[in-house]
Amino acid sequence: SEAHLCEELGDLWLQVAFHACLARERGAFDIHDIEAMVVEKLLRRHPHVFAPDSSADTEDGGLSVVRAENSEQVLANWQAVKSLEKAGRPEPGLLEEMPASLSSLDEAAEIGRRCARAGFDWPSLDGVMDKVREEIGELTAESDPERVEAEFGDVLFSLVQWARYKKIDPDSALRKQMRRFRQRFKYVEARAREAGGWERIDSEQMEAAWRRAKGDG
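A short tour of the structure in this document, coming up. (Residues numbered from 1 in each chain as written. Predicted model: local features only at pLDDT ≥ 70, side-chain atom pairs only at ≥ 80, totals over all residues. Heavy atoms only, no water.)

1. A closer look at the overall build of the protein
Then, number 1: Per the secondary structure count, the protein includes 9 helices and 0 strands.
Then, number 2: Taking all 217 residues of the protein together, the buried fraction comes to 18%.
Then, number 3: The long-range fraction of contacts in the protein, counting pairs at least 24 apart against all pairs at least 6 apart in sequence, stands at 39%.
Then, number 4: Counting every atom, the protein has about 16000 Å² of accessible surface; 55% of that belongs to carbon and sulfur. (Helix = DSSP H or I, 4+ residues; strand = E, 2+ residues; numbered from the N terminus. Buried < 20%, exposed > 50% of the residue type's maximum accessible area, 1.4 Å probe, protein only. Contact = heavy atoms within 4.5 Å. Areas by Shrake-Rupley, 256 points an atom, 1.4 Å probe, with all protein chains shown as cover.)

Shown next, in the form of C-alpha coordinates:
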(Lines give C-alpha, C1' and ligand atoms only; values in the text may rest on other atoms or scores of the structure.)
Protein backbone atom coordinates (compact mmCIF):
# COMPACT_ATOMS: atom_id res chain seq x y z
CA SER A 1 0.00 0.00 0.00
CA GLU A 2 0.99 3.64 -0.33
CA ALA A 3 1.11 3.99 3.46
CA HIS A 4 3.46 1.01 3.76
CA LEU A 5 5.69 2.39 1.01
CA CYS A 6 5.80 5.73 2.80
CA GLU A 7 6.77 3.98 6.05
CA GLU A 8 9.56 1.96 4.39
CA LEU A 9 10.93 5.05 2.65
CA GLY A 10 10.95 6.77 6.03
CA ASP A 11 13.00 3.92 7.51
CA LEU A 12 15.44 4.21 4.62
CA TRP A 13 15.69 7.98 4.94
CA LEU A 14 16.36 7.65 8.67
CA GLN A 15 19.47 5.61 7.87
CA VAL A 16 20.67 8.24 5.38
CA ALA A 17 20.08 11.08 7.85
CA PHE A 18 21.69 9.15 10.71
CA HIS A 19 24.91 8.38 8.82
CA ALA A 20 25.05 11.90 7.42
CA CYS A 21 24.82 13.28 10.96
CA LEU A 22 27.65 11.03 12.16
CA ALA A 23 29.77 12.02 9.17
CA ARG A 24 29.14 15.73 9.79
CA GLU A 25 30.22 15.35 13.42
CA ARG A 26 33.55 13.83 12.36
CA GLY A 27 34.01 16.47 9.65
CA ALA A 28 33.70 14.11 6.67
CA PHE A 29 30.55 15.25 4.83
CA ASP A 30 26.94 16.24 5.47
CA ILE A 31 23.50 15.68 3.97
CA HIS A 32 24.06 18.42 1.38
CA ASP A 33 27.21 16.70 0.14
CA ILE A 34 25.21 13.51 -0.33
CA GLU A 35 22.58 15.35 -2.34
CA ALA A 36 25.19 17.07 -4.50
CA MET A 37 27.04 13.84 -5.16
CA VAL A 38 23.98 11.89 -6.25
CA VAL A 39 22.84 14.73 -8.53
CA GLU A 40 26.30 14.97 -10.09
CA LYS A 41 26.38 11.21 -10.68
CA LEU A 42 22.89 11.26 -12.18
CA LEU A 43 23.87 13.99 -14.64
CA ARG A 44 27.14 12.31 -15.53
CA ARG A 45 25.70 8.84 -16.13
CA HIS A 46 22.67 9.98 -18.14
CA PRO A 47 24.00 12.54 -20.64
CA HIS A 48 21.34 11.52 -23.18
CA VAL A 49 18.77 13.01 -20.82
CA PHE A 50 20.54 15.91 -19.14
CA ALA A 51 23.23 17.09 -21.59
CA PRO A 52 22.31 20.44 -23.23
CA ASP A 53 23.31 18.97 -26.59
CA SER A 54 22.61 15.24 -26.89
CA SER A 55 25.44 14.87 -29.42
CA ALA A 56 28.05 16.77 -27.36
CA ASP A 57 31.02 15.20 -25.65
CA THR A 58 31.00 14.77 -21.87
CA GLU A 59 33.35 16.95 -19.87
CA ASP A 60 34.94 14.24 -17.71
CA GLY A 61 35.82 11.49 -20.14
CA GLY A 62 35.60 12.57 -23.71
CA LEU A 63 32.74 10.32 -24.68
CA SER A 64 32.25 10.99 -28.37
CA VAL A 65 28.65 9.80 -28.51
CA VAL A 66 25.97 10.43 -25.92
CA ARG A 67 22.94 10.38 -28.17
CA ALA A 68 20.70 7.42 -27.35
CA GLU A 69 18.11 6.26 -29.86
CA ASN A 70 17.12 3.15 -27.89
CA SER A 71 17.53 1.40 -24.55
CA GLU A 72 20.59 -0.55 -25.74
CA GLN A 73 22.45 2.69 -26.44
CA VAL A 74 21.41 4.04 -23.06
CA LEU A 75 22.94 1.00 -21.35
CA ALA A 76 26.07 1.20 -23.51
CA ASN A 77 26.58 4.87 -22.62
CA TRP A 78 25.97 4.15 -18.95
CA GLN A 79 28.57 1.37 -18.93
CA ALA A 80 31.04 3.61 -20.76
CA VAL A 81 30.64 6.38 -18.18
CA LYS A 82 31.05 3.87 -15.34
CA SER A 83 34.24 2.58 -16.95
CA LEU A 84 35.60 6.12 -17.09
CA GLU A 85 34.71 6.63 -13.44
CA LYS A 86 36.72 3.55 -12.53
CA ALA A 87 39.72 4.56 -14.63
CA GLY A 88 42.74 4.93 -12.40
CA ARG A 89 41.12 3.07 -9.52
CA PRO A 90 42.59 -0.31 -8.55
CA GLU A 91 40.17 -3.04 -9.62
CA PRO A 92 39.12 -5.10 -6.57
CA GLY A 93 40.05 -8.75 -6.67
CA LEU A 94 37.39 -11.29 -7.53
CA LEU A 95 37.35 -12.63 -3.98
CA GLU A 96 37.54 -9.27 -2.23
CA GLU A 97 34.71 -7.27 -0.68
CA MET A 98 32.83 -10.24 0.73
CA PRO A 99 29.73 -9.31 2.78
CA ALA A 100 30.71 -9.32 6.45
CA SER A 101 27.37 -10.92 7.38
CA LEU A 102 28.17 -14.23 5.66
CA SER A 103 28.84 -17.29 7.79
CA SER A 104 32.04 -19.18 7.03
CA LEU A 105 30.06 -21.84 5.14
CA ASP A 106 28.17 -19.26 3.09
CA GLU A 107 31.39 -17.39 2.35
CA ALA A 108 33.01 -20.62 1.11
CA ALA A 109 30.03 -21.13 -1.22
CA GLU A 110 30.25 -17.53 -2.45
CA ILE A 111 33.97 -17.96 -3.17
CA GLY A 112 33.10 -20.99 -5.29
CA ARG A 113 30.35 -19.10 -7.15
CA ARG A 114 32.65 -16.18 -7.98
CA CYS A 115 35.41 -18.49 -9.20
CA ALA A 116 32.88 -20.42 -11.29
CA ARG A 117 31.74 -17.21 -13.02
CA ALA A 118 35.36 -16.68 -14.08
CA GLY A 119 35.57 -20.26 -15.40
CA PHE A 120 37.70 -21.55 -12.51
CA ASP A 121 35.64 -24.56 -11.47
CA TRP A 122 35.33 -28.32 -11.78
CA PRO A 123 33.76 -29.42 -15.06
CA SER A 124 31.31 -31.80 -13.39
CA LEU A 125 29.82 -32.92 -10.10
CA ASP A 126 31.91 -36.10 -10.25
CA GLY A 127 35.03 -33.97 -10.31
CA VAL A 128 33.98 -32.22 -7.12
CA MET A 129 33.31 -35.53 -5.37
CA ASP A 130 36.70 -36.83 -6.51
CA LYS A 131 38.21 -33.76 -4.86
CA VAL A 132 36.27 -34.45 -1.65
CA ARG A 133 37.61 -38.02 -1.56
CA GLU A 134 41.13 -36.79 -2.28
CA GLU A 135 40.98 -34.27 0.58
CA ILE A 136 39.58 -36.86 3.01
CA GLY A 137 42.48 -39.17 2.09
CA GLU A 138 44.99 -36.40 2.76
CA LEU A 139 43.27 -35.61 6.08
CA THR A 140 43.43 -39.19 7.33
CA ALA A 141 47.10 -39.46 6.32
CA GLU A 142 48.16 -36.46 8.42
CA SER A 143 49.29 -36.52 12.04
CA ASP A 144 50.81 -33.06 12.57
CA PRO A 145 48.17 -30.92 14.34
CA GLU A 146 48.64 -27.90 12.07
CA ARG A 147 48.47 -30.02 8.94
CA VAL A 148 45.41 -31.85 10.25
CA GLU A 149 43.65 -28.51 10.74
CA ALA A 150 44.62 -27.38 7.23
CA GLU A 151 43.46 -30.63 5.64
CA PHE A 152 40.22 -30.53 7.63
CA GLY A 153 39.59 -27.07 6.21
CA ASP A 154 40.23 -28.42 2.71
CA VAL A 155 37.66 -31.17 3.28
CA LEU A 156 35.04 -28.69 4.48
CA PHE A 157 35.71 -26.32 1.58
CA SER A 158 35.44 -29.06 -1.04
CA LEU A 159 32.22 -30.36 0.56
CA VAL A 160 30.75 -26.85 0.36
CA GLN A 161 31.58 -26.76 -3.36
CA TRP A 162 29.85 -30.12 -3.82
CA ALA A 163 26.79 -28.65 -2.08
CA ARG A 164 26.98 -25.62 -4.38
CA TYR A 165 26.90 -27.91 -7.42
CA LYS A 166 23.84 -29.66 -5.96
CA LYS A 167 22.22 -26.26 -5.20
CA ILE A 168 22.23 -27.00 -1.46
CA ASP A 169 22.65 -24.18 1.04
CA PRO A 170 25.45 -25.60 3.25
CA ASP A 171 24.70 -23.36 6.21
CA SER A 172 21.00 -24.24 6.14
CA ALA A 173 21.79 -27.95 5.71
CA LEU A 174 24.08 -27.93 8.76
CA ARG A 175 21.53 -26.08 10.89
CA LYS A 176 18.83 -28.60 9.97
CA GLN A 177 21.19 -31.47 10.78
CA MET A 178 21.92 -29.97 14.20
CA ARG A 179 18.18 -29.70 14.89
CA ARG A 180 17.77 -33.37 13.97
CA PHE A 181 20.72 -34.31 16.19
CA ARG A 182 19.34 -32.40 19.17
CA GLN A 183 15.93 -34.01 18.77
CA ARG A 184 17.40 -37.51 18.61
CA PHE A 185 19.79 -36.87 21.46
CA LYS A 186 16.87 -35.85 23.66
CA TYR A 187 15.55 -39.39 23.27
CA VAL A 188 18.91 -40.86 24.33
CA GLU A 189 19.06 -38.42 27.24
CA ALA A 190 15.58 -39.45 28.36
CA ARG A 191 16.64 -43.13 28.39
CA ALA A 192 19.66 -42.19 30.50
CA ARG A 193 17.42 -40.41 33.03
CA GLU A 194 15.14 -43.44 33.19
CA ALA A 195 18.19 -45.60 33.97
CA GLY A 196 19.28 -43.28 36.76
CA GLY A 197 21.93 -41.22 34.98
CA TRP A 198 24.54 -41.39 32.25
CA GLU A 199 26.82 -43.52 34.41
CA ARG A 200 24.18 -46.27 34.51
CA ILE A 201 24.00 -46.90 30.76
CA ASP A 202 26.81 -48.11 28.54
CA SER A 203 27.74 -47.24 24.96
CA GLU A 204 25.74 -50.14 23.52
CA GLN A 205 22.57 -48.93 25.26
CA MET A 206 23.22 -45.41 24.04
CA GLU A 207 23.67 -46.67 20.48
CA ALA A 208 20.47 -48.71 20.70
CA ALA A 209 18.56 -45.66 21.94
CA TRP A 210 20.05 -43.55 19.15
CA ARG A 211 18.94 -46.05 16.52
CA ARG A 212 15.42 -46.04 17.95
CA ALA A 213 15.40 -42.23 17.87
CA LYS A 214 16.35 -42.37 14.21
CA GLY A 215 13.69 -44.99 13.51
CA ASP A 216 16.23 -47.70 12.70
CA GLY A 217 14.88 -50.12 15.22
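2. Structural notes on the pattern of salt bridges
Then, number 1: Tallied over the entire structure, the rule returns 13 salt bridges.
Then, number 2: A salt bridge links D121 to R164; its shortest N-O distance comes to 3.0 Å. Residue D121 is located in the loop between α5 (104-117) and α6 (125-141), and its partner R164 is located in helix α7 (residues 145-165); the two are separated by 43 residues in the primary sequence.
Then, number 3: Owing to a relative accessible area of 30%, D121 belongs among the partly exposed residues under this scheme.
Then, number 4: For D171, the salt bridge is made with R175, and the minimal N-O distance between the two is 2.7 Å. Highlighted residues: D171 and R175, both in helix α8 (residues 170-195), separated by 4 residues, approximately one helical turn.
Then, number 5: Among the charged side chains, a salt-bridge network with shared partners connects E110, R113, R114 and R117. (Salt bridge = Lys/Arg side-chain N within 4 Å of Asp/Glu carboxyl O.)

3. Things to note about α7
Then, number 1: For α7, spanning 21 residues, the distance from its first C-alpha to its last is 31 Å, which sits close to the expected 30 Å at 1.5 Å a residue.
Then, number 2: Turning to α7, its buried residues are E151, V155, S158, V160, Q161, A163 and R164.
Then, number 3: At its buried positions, α7 is contacted by α5, α6 and α8.
Then, number 4: At the N-terminal end of α7, a side-chain oxygen is found 3.2 Å from the backbone nitrogen of E146, two or three residues along, and the residue is D144. (Expected span 1.5 Å × (residues − 1). Polar contact = N/O pair within 3.5 Å; in protein donor to acceptor, adjacent residues only side chain to side chain.)

4. Observations concerning the side chain of R164
Then, number 1: Residue class for R164 comes out buried when judged on its relative accessible area of 15%.
Then, number 2: A polar contact of 2.8 Å, which involves the side chain of R164, links it to the side chain of Q161.
Then, number 3: Among all residues touching R164, those that are not within four sequence positions of it are A109, G112, R113, A116, D121 and W122.

5. A closer look at a positive patch on the surface
Then, number 1: A cluster of like positive charges, contributed by K176, R179, R180 and R182, occupies part of the molecular surface.
Then, number 2: Relative to the elements of secondary structure, R182 occurs in helix α8. (Patch = residues over 30% accessible without salt bridge, like charges linked within 9 Å, V, L, I, M, F, W, Y side chains within 5 Å. Lys, Arg positive; Asp, Glu negative; His and termini not counted. Charge placed at Lys NZ, Arg CZ, Asp CG, Glu CD.)

6. Quick look at the packing of α6 against α7
The relative placement of two packed helices comes down to the angle between their axes together with the axis-to-axis distance.
Then, number 1: Where α6 contacts α7, the axes come no closer than 9 Å and their chain directions differ by 165°. As far as their axial angle goes, α7 and α6 are roughly antiparallel. Classified by chirality, the crossing of α7 by α6 is left-handed. The segment α6 lies against α7, with L125, V128, M129, K131, V132, E135, I136, E138 and L139 engaging V148, E151, F152, D154, V155, S158, L159, Q161, W162 and Y165. (Axes fitted to C-alpha atoms, helices over the stretch in contact; angles between N-to-C directions. Parallel < 35°, antiparallel > 145°, perpendicular 65-115°, else oblique. Left-handed = near helix turned anticlockwise from the far one by under 90°.)

Distances and angles like these do not, on their own, reveal function.
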